[in-house]
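Structural description and commentary
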Amino acid sequence: MDNFDEEIRNLSTSVLERCRALGWKAGTAESCTGGLIAGALTEIAGSSDVVDRGFVTYSNEAKMQMLGVPAETLAAHGAVSEQTARAMALGALANSEATVTVAVTGVAGPGGGSAEKPVGLVHFAAATPTGIVADHRIFDGDRGAVRHQTVLHALKMMLSRTEAAS
């Protein structure tokens, strides 16, 4: 599966253009996508003036060490939770030069799901210095499809946060 299809390229370009217009930098905090969101943004030529950094925090230890996700949050809610996604997005904001960040954490599959957290469940958060929004989705399909849909939704959330700044 091509993770950087036309829709992802168009959304990435739009995010970069909005950030440029605002003088903003962008950052990502990714678990289940393993860097695909940052990869989608940096696939666009000239993205270096906007993309500050991406954190791939697959393990709980990385979430705590790199993003400052509290151990208590992980213990109480788990890695796949709104609380963890919010902490990841805020941690990316605090540990970078970014003005807008997006965080994703989920169960891409094919295993690892449960009744409470099924395969395909992804939690999202997008943060700016003025606020944070969170969302979650349950995507259908195999691992590649879940990750692809996650990248699309994350880019849409970033774009929405930049448009809200206008």
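Higher on the page you've got the structure.
So, here's what we can say about the structure.

Topic: the side chain of threonine 73
Locating threonine 73 in the fold gives a position in helix α4 (residues 71-77). When neighbours within four sequence positions are excluded, threonine 73 is seen to be in contact with Gly78, Gln83 and Thr84.

Brief notes about the packing of aromatic side chains
Two aromatic rings, taken as a pair, are described by how far apart their centres are and by the angle between their planes. A complete count under the given rule lists one aromatic pair for this structure. Where phenylalanine 124 meets phenylalanine 139, the ring centres are 6.3 Å apart and the plane angle is 90 degrees; that geometry is what we call edge-to-face. Of this pair, phenylalanine 124 sits in strand β4 (residues 121-128) while phenylalanine 139 is found in the loop between β5 (131-138) and α6 (143-164), placing the two residues 15 residues apart along the sequence. Neither residue differs from the other here; phenylalanine 124 and phenylalanine 139 are each classed as buried.

Focus: the environment of glycine 54
Note that glycine 54 resides in strand β2 (residues 51-56). Ignoring anything within four residues of it in the chain, the contact list for glycine 54 reads Thr28 and Ala38.

Concerning the sheet that holds β4
Ordered by their spatial adjacency, five strands build an open sheet running β2-β1-β3-β4-β5, and the pairing between neighbours is mixed. Looking at strand neighbours, the two that pair on one side only are β2 and β5, the edges of this open sheet. Each strand of the sheet is rotated relative to its neighbour by a mean of 10 degrees, with strand direction disregarded. Strand direction decides the pairing type here: strand β1 (residues 26-30) and strand β3 (residues 100-106), joined by five bridges, are parallel. Looking at the pairing, alanine 26 lines up with valine 100 of β3. Packed on one face of the sheet, helix α5 (residues 82-94) meets β1, β2, β3, β4 and β5 and runs near 35 degrees to β4. Where α6 meets the sheet, it contacts β1, β3, β4 and β5, and its direction lies at approximately 25 degrees from that of β4.

Describing the pattern of salt bridges
A side chain with one charge may pair with a side chain of the opposite charge, provided their charged atoms come close. One pass over the full model with this rule turns up six salt bridges. Among the salt bridges present, the one from glutamate 7 reaches lysine 156, with a minimum N-O distance of 3.8 Å. Separated by 149 residues along the polypeptide, glutamate 7 in helix α1 (residues 6-22) and lysine 156 in helix α6 bring together distant segments of the chain. Among the residues examined, lysine 156 registers a relative accessible area of 40% and is labelled partly exposed. The shortest N-O distance in the salt bridge between arginine 20 and aspartate 49 comes to 2.8 Å. With arginine 20 in helix α1 and aspartate 49 in the loop between α2 (36-42) and β2, this residue pair connects regions lying 29 residues apart in the sequence.

Scoring rules and cut-offs
Residues numbered from 1 in each chain as written. Predicted model: local features only at pLDDT ≥ 70, side-chain atom pairs only at ≥ 80, totals over all residues. Heavy atoms only, no water. Helix = DSSP H or I, 4+ residues; strand = E, 2+ residues; numbered from the N terminus. Contact = heavy atoms within 4.5 Å. Phe/Tyr/Trp six-rings, centres within 6.5 Å; stacked < 30°, edge-to-face > 60°. Buried < 20%, exposed > 50% of the residue type's maximum accessible area, 1.4 Å probe, protein only. Pairing = 2+ DSSP bridges. Axes fitted to C-alpha atoms, helices over the stretch in contact; angles between N-to-C directions. Salt bridge = Lys/Arg side-chain N within 4 Å of Asp/Glu carboxyl O.

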